[in-house]
Amino acid sequence: MMSNKVSRRQFMSYTLMGTGGFMASAMLMPMIRFAIDPVLQSSDGGDFIPTPQKVDELTETPVRVDFTIKDRKDAWYKSDVANTAWVYKDGDTVIALSPVCKHLGCTVNWSGDESHPNEYFCPCHGGRYKKNGENVPGTPPTGPLDEYEVKVEGGLVYLGKTIPNTLV
């Protein structure tokens, strides 16, 4: 018959491992909580940012509109972030497109290349987009430019978050 007694040495070993494991977990839990806390917090998505662009001054030609996101919270830091959009009118609708190329993230310019007027042009690899943000076939971009949510208030253009292009 086999004995299930625990020797003194095994008891001490189990006790020290249990105590050490408890102390290690007590030290690690605050560090883990600190690391994942920003991920668990909800974002303030859906806020509209005012721009200096007056709706009355918009035409069918896209204009570059610079705006600043105040106190943007990124993990533990708050900072002001400068951003840009290409804004124009299509009838009575105000359209705002993101200037970030879908190929490698460079910034596109309107009529930035003399050989392709009335198109967005990405100088990094020759990417081209039509006025509505649709990528020109045969050029590097893999998809259309993103679109900003737009709201008009007090005669000024307000921009929200970027959404997939709804115009193409």
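Residues numbered from 1 in each chain as written. Predicted model: local features only at pLDDT ≥ 70, side-chain atom pairs only at ≥ 80, totals over all residues. Heavy atoms only, no water.

**Side note on the nonpolar core**
And then number 1: If you look at the biggest cluster of nonpolar residues, it comprises 13 residues, and the most contacted ones within it are Phe 67, Ala 85, Val 87, Val 94, Tyr 148, Val 157 and Leu 159.
And then number 2: At the level of elements, strand E2 (63-74), strand E3 (77-90), strand E4 (93-97) and strand E9 (156-163) are the ones that each hand at least two residues to this core.
And then number 3: Top contributing element to this core by residue count: E2, with 3 residues.
And then number 4: Residue contacts for Phe 67: discarding those within four places in its chain leaves Ile 49, Pro 50, Thr 51, Val 81, Ala 82, Asn 83, Thr 84, Ala 85, Tyr 148 and Leu 159.
And then number 5: Of all hydrophobic cores here, the second largest spans 12 residues; its members include Trp 86, Tyr 88, Cys 106 and Leu 145. (Core = buried A, V, L, I, M, F, W, Y, C linked by side-chain atoms within 4.5 Å. Buried < 20%, exposed > 50% of the residue type's maximum accessible area, 1.4 Å probe, protein only. Helix = DSSP H or I, 4+ residues; strand = E, 2+ residues; numbered from the N terminus. Contact = heavy atoms within 4.5 Å.)

**Remarks on a nonpolar patch on the surface**
And then number 1: Residues Met 27, Leu 28, Met 29, Met 31, Ile 32 and Ile 36 make up a contiguous nonpolar surface patch of roughly 620 Å² in combined accessible area.
And then number 2: Relative to the assigned elements, Ile 32 resides in helix H1 (residues 8-40).
And then number 3: For Ile 32, a relative accessible area of 44% corresponds to the partly exposed category. (Patch = residues over 30% accessible without salt bridge, like charges linked within 9 Å, V, L, I, M, F, W, Y side chains within 5 Å. Areas by Shrake-Rupley, 256 points an atom, 1.4 Å probe, with all protein chains shown as cover. Salt bridge = Lys/Arg side-chain N within 4 Å of Asp/Glu carboxyl O.)

**Focus on the sheet that holds strand E5 (residues 109-110)**
And then number 1: With antiparallel pairing, the 3 strands of this open sheet are ordered in space as E5-E6-E7. Two strands bound the open sheet, and with one partner strand each, they are E5 and strand E7 (127-129).
And then number 2: Pairing of E5 with strand E6 (residues 120-122) involves 2 bridges; the strand directions are antiparallel. Following the sheet pairing, Asn 109 is matched in E6 by Phe 121. (Pairing = 2+ DSSP bridges.)

**Description of the pairing of strand E1 (residues 49-54)**
And then number 1: Residue alternation in E1 divides its side chains into a buried set, Ile 49, Thr 51 and Gln 53, and an unburied set, Pro 50, Pro 52 and Lys 54.
And then number 2: Examined bridge by bridge, E1 and E9 share 3 bridges and lie antiparallel to one another. In the strand pairing of E9, Lys 54 is matched with Leu 156.

**Considerations on the state of the cysteines**
And then number 1: Following the criterion strictly, the structure yields 1 disulfide and no others.
And then number 2: Cys 106 shares a disulfide with Cys 124; S-S distance 2.0 Å. Disulfide Cys 106-Cys 124: the torsion about the S-S bond is -105 degrees, which places it as left-handed. Taken together, the positions of Cys 106 in the loop between E4 and E5 and Cys 124 in the loop between E6 and E7 put the pair 18 residues apart, joining distant regions of the chain. (Disulfide = S-S within 2.5 Å.)

**Brief notes about the packing of aromatic side chains**
And then number 1: A full pass over the atoms with the stated rule returns 3 aromatic pairs.
And then number 2: Look at Trp 110 and Tyr 120: their rings are 4.9 Å apart centre to centre, the planes differ by 65 degrees, and that puts the pair in the edge-to-face class. Note that Trp 110 is positioned in strand E5 and Tyr 120 in strand E6, a separation of 10 residues in sequence.
And then number 3: Given a relative accessible area of 14%, Trp 110 falls into the buried group.
And then number 4: Judged by its relative accessible area of 0%, Tyr 120 falls in the buried class.
And then number 5: Put simply, the rings of Trp 86, Trp 110 and Tyr 120 pair up and form one aromatic cluster. (Phe/Tyr/Trp six-rings, centres within 6.5 Å; stacked < 30°, edge-to-face > 60°.)

None of this, on its own, says anything about what the molecule does.
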